[in-house]
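Report on the structure
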Amino acid sequence: MAEFCGVNNSKLNYLSSRFAGIHLTVRSNWLRAMGNTEVLTDFESKLNSLVDYQKVHNTLPREVLESVLKGEQVWVASSDVSTIVHTTDGRPIKPRGMSQHRMVEAMQHDDMVFAVGPAGSGKTYIAIALAVKALKSKQVRKIILSRPAVEAGEKLGFLPGDMKEKIDPYLQPLYDALEDMIPGPKLKELLENKTIEIAPLAFMRGRTLSNAFVILDEAQNTTIQQMKMFLTRMGHNAKFIITGDPSQIDLPDKVANGLMQTCSILDGVEGISIIKFSQSDIVRHRLVQRIVNAFEQNENLMNNRNNETGMSKAVTQTDFKFPGQKSVFHGKVRDVYNISDKYLAMVVTDRISAFDVVLPKGIPFKGQVLNQIAAKFLDATKDIIPNWKVATPDPMVTVGLKCEPFKVEMVIRGYITGSAWRDYKSGKREICGIKLPEGLRENQKFAEPIITPTTKADAGHDMNISREEIIAQGIVSEADYKQIEDYTRKLFQRGTEIAAKQGLILVDTKYEFGKLGDKIILIDEIHTPDSSRYFYAEGYEERFEKGEAQRQLSKEFVRQWLIENGFQGQAGQKVPEMTDEKVAEITARYIELYENITGEKFVKDESSNIESRIEKNVTDFLKSE
């Protein structure tokens, strides 16, 4: 009853103030309520919810009281939710929300769990409770707690003392949680004999962490390289929890955040769970949730103002007037400007399409990613075939020679996957005139890459077509077709070699060709994640033998998200809501694709007005020609 009423009856008084006309009195363990019958019925319903919560959780926080009285849903653990550990004063530590509960459950069947969400949602505290439980029950021999030593304002050198004394303040929240769960003398002993070890992330390099429960806290302040380094420390009988809040990044400007990229990369990998916390999971003082809400509303307001003033970082429409411009073609993703019938200025927008539908929101930096990958690979293959590229005057623009395009796309496949596998699985044994053997399995490598061309449609679906049909219909002459077929195989071989250096497998891709006079030219993009599919080489054979899905680098993750939400471009289907979080996730995935495919760090162009930047850069280039 003391917990229910609060200090100096503060919670009881608050409860009474929300039900006018009801008189409450407390005697020992009894609460008496008198008043209007209709109001009492509502009061009794809410009272029962509060009592149920306190019975399960042994506490009644003020924020829970407020939420129940507002009629909001409050998660109450079922009777089978057990205590993780007890605090030093005997208080049981249990999950205090659905996300914490999911985190505890995930740790029971997975060895690696990511807990991502706002400050105050109890991610780190529950992680340490799980670690302490594992140590006490002898599931592991030690606990290792780590954080990246990234400053939030002050610099490390400003602090007095040796390296340990400089680092310790960054790790203090971990000490605080441990002190809650392990008596002081015992904790001191465990720290001294390194049964519990607390160390900065940088000290993890080169180690193998076996028989340990390892927690990486504040992971939003890691780079993708640091995340890869940390995750690959995992040894036998190890448990890893990675926590972080993407809204509190302290990395230097233009340094990509590794946490969200890693979550995108590992999403769906067996043995790994990703738990996403929200504002409703905040369990600190009731003001924390209000503060987070206020900051988010202010950020949304600023974003809306930026959008209204043309400062949005996603370019989804263009309407430029370049010198010598004769016409413009707006494709699904690219806007192509005809300059004096000599050049084409191809603007790779931030639009994103799937199932032949342009999705309602643009993806910031997607255009820059695709344009820069294509430019890199055009340069890397120009010894095989001349290409259309003249210059890349802007991160999102390639200016090239205007050619007469062939009305086919040359699709080449090294492995049976995607649409080819779906057709094969349905019983088809011929693709584009090519006979396929019996007994193939999904993601199996072909003895030799096969070419499965498609018609090149200005709108709608491209259609499969055979080599014989292309020649018979006069779409491409026999001599030209033989040449572009040869180029296709050589380009694919070069792409395969480049991918292998990055630990990747180039699974399939497409090339487009055109003619400039009598010369065949390679046009459009090549080897980008929109036009190609990559597998990670590491683990390919093991996954294939087990019949497991391959880890991919392609736009397939967008298609899978749409399929899971009931959209495949068919009549009557609606594109699922593209939240800011989903857009940010897709952006992070495209940046991750860039860095893995090229082996280079992606540097965002942070121009405040991208359209003005593009217009100036392209105009300056054309005037110089």
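First, a word on what this report is: a plain description of the structure on this page. (Residues numbered from 1 in each chain as written. Predicted model: local features only at pLDDT ≥ 70, side-chain atom pairs only at ≥ 80, totals over all residues. Heavy atoms only, no water.)

Further remarks concern the overall build of the chain. Looking only at helices and strands, the chain features 19 helices and 27 strands. Within the chain, the proportion of its 625 residues that are buried is 50%. (Helix = DSSP H or I, 4+ residues; strand = E, 2+ residues; numbered from the N terminus. Buried < 20%, exposed > 50% of the residue type's maximum accessible area, 1.4 Å probe, protein only.)

Moving on to the nonpolar core. The biggest cluster of nonpolar side chains holds 90 residues, and the ones touching the most others in it are Phe114, Phe230, Leu231, Phe240, Ile242 and Phe513. With eight residues, helix 18 (residues 580-598) is the largest single contributor of residues to this core. Setting aside anything within four residues of it in sequence, one finds Phe513 in contact with Ile385, Pro405, Phe406, Met410, Ile484, Tyr487, Thr488, Leu491, Ile520, Ile521, Leu522 and Ile523. Core analysis: the next-biggest nonpolar cluster, separate from the first, contains 37 residues, Val85, Met103, Ala127 and Ile128 among them. (Core = buried A, V, L, I, M, F, W, Y, C linked by side-chain atoms within 4.5 Å. Contact = heavy atoms within 4.5 Å.)

Once that is clear, we can look at the environment of Asn29. Along the polypeptide, Asn29 turns up in the loop between strand 1 (23-27) and strand 2 (30-34). Here the alpha-carbon distance between Asn29 and Met1, two residues 28 residues apart in the chain, equals 5.9 Å.

Two numbers describe how helix 3 (residues 37-57) lies on helix 4 (residues 62-69): the axes approach to 10 Å, and their chain directions differ by 150°. Compared by their axis directions, helix 3 and helix 4 come out roughly antiparallel. Crossing angle aside, the handedness with which helix 3 passes helix 4 is right-handed. When helix 3 is examined against helix 4, the residues Lys46, Ser49, Leu50 and Tyr53 are found in contact with a partner set consisting of Val64, Leu65, Val68 and Leu69. (Axes fitted to C-alpha atoms, helices over the stretch in contact; angles between N-to-C directions. Parallel < 35°, antiparallel > 145°, perpendicular 65-115°, else oblique. Left-handed = near helix turned anticlockwise from the far one by under 90°.)

The full count for this structure, using the stated rule, is 14 aromatic pairs. Seen in terms of ring centroids, Phe320 and Tyr337 are 5.9 Å apart; in terms of plane orientation they differ by 50°. Their pairing is tilted. Note that Phe320 is positioned in the loop between helix 11 (286-308) and strand 11 (325-330) and Tyr337 in strand 12 (residues 334-339), a separation of 17 residues in sequence. Neither Phe320 nor Tyr337 differs from the other in exposure class; each is buried. (Phe/Tyr/Trp six-rings, centres within 6.5 Å; stacked < 30°, edge-to-face > 60°.)

Here we take up the sheet that holds strand 6 (residues 142-147). Reading across from one edge, 7-6-8-9-5-10 is the order of the six strands in this open sheet, with parallel pairing throughout. Both outer strands of the open sheet, strand 7 (196-200) and strand 10 (272-276), are each paired with one neighbouring strand and no more. Here the strands of the sheet are splayed against their neighbours by 15° on average, with no regard to which way each runs. As judged from the four bridges shared by strand 8 (residues 212-216) and strand 9 (residues 239-244), these two strands associate in the parallel manner. When the sheet's bridge partners are listed, Val214 is paired in strand 9 with Phe240. Against the sheet, helix 5 (residues 98-109) engages strand 5 (112-116), strand 8, strand 9 and strand 10, with an angle of about 175° to strand 10. (Pairing = 2+ DSSP bridges.)

Turning our eyes to something else, we now look at the sheet that holds strand 17 (residues 397-401). Backbone hydrogen bonds are what pair the strands of a sheet, in a parallel or an antiparallel way. One open sheet accounts for five strands, arranged 11-12-13-17-16; its pairing is antiparallel. In this open sheet, the two strands that pair with only one neighbour each are strand 11 and strand 16 (389-394). Strand after strand, the sheet turns through a mean of 20° between neighbouring axes, direction not considered. Examined bridge by bridge, strand 13 (residues 343-348) and strand 17 share five bridges and lie antiparallel to one another. Each bridged residue has a counterpart across the sheet, and for Met346 the counterpart in strand 17 is Thr398.

Here we come to the pairing of strand 16. Note that strand 16 and strand 17 share three bridges and pair antiparallel. Note on strand 17: the bridge partner recorded for Asp394 is Val397. What sits between strand 16 and strand 17 in their antiparallel hairpin is a turn of two residues.

Moving on: the packing of helix 17 (residues 556-564) against helix 18. At their nearest, the axes of helix 17 and helix 18 sit 10 Å apart, and the two run at 155° to each other. Here helix 17 is positioned roughly antiparallel relative to helix 18, judged by the angle of their axes. The segment helix 17 lies against helix 18, with Phe557, Val558 and Trp561 engaging Lys582, Ile586, Arg589, Tyr590 and Leu593. Here the contact of helix 17 with helix 18 is built from residues that sort into six nonpolar, no polar and two charged. (Nonpolar A, V, L, I, M, F, W, Y, C, P; charged D, E, K, R; others polar.)

Tracing the backbone shows Ile224 in helix 9 (residues 224-231). Taking the relative accessible area as the measure of exposure, Ile224 reaches 15% and is therefore buried. Taking the C-alpha atoms as reference, Ile224 lies 6.8 Å from Thr262; in sequence the two are 38 residues apart.

Turning to the side chain of Thr349, a few remarks are in order. Mapped onto the elements, Thr349 comes out in the loop between strand 13 and strand 14 (353-354). For Thr349, a relative accessible area of 0% translates into the label buried. Reaching out from Thr349, the side chain makes a polar contact with the backbone nitrogen of Arg351 at a distance of 3.1 Å. If near-sequence neighbours (up to four positions away) are discounted, Thr349 is found in contact with Val315, Thr318, Val333, Asp335, Gly367 and Met396. (Polar contact = N/O pair within 3.5 Å; in protein donor to acceptor, adjacent residues only side chain to side chain.)

A separate point is unusual backbone geometry. The backbone phi angle of Asn8 is positive, close to 55°, even though this residue is not glycine. With respect to the secondary-structure elements, Asn8 resides in the loop between helix 1 (2-5) and helix 2 (10-17). Residues other than glycine seldom take positive phi values, yet Asn211 does so here, at roughly 50°. Mapping Asn211 onto the fold places it in the loop between strand 7 and strand 8.

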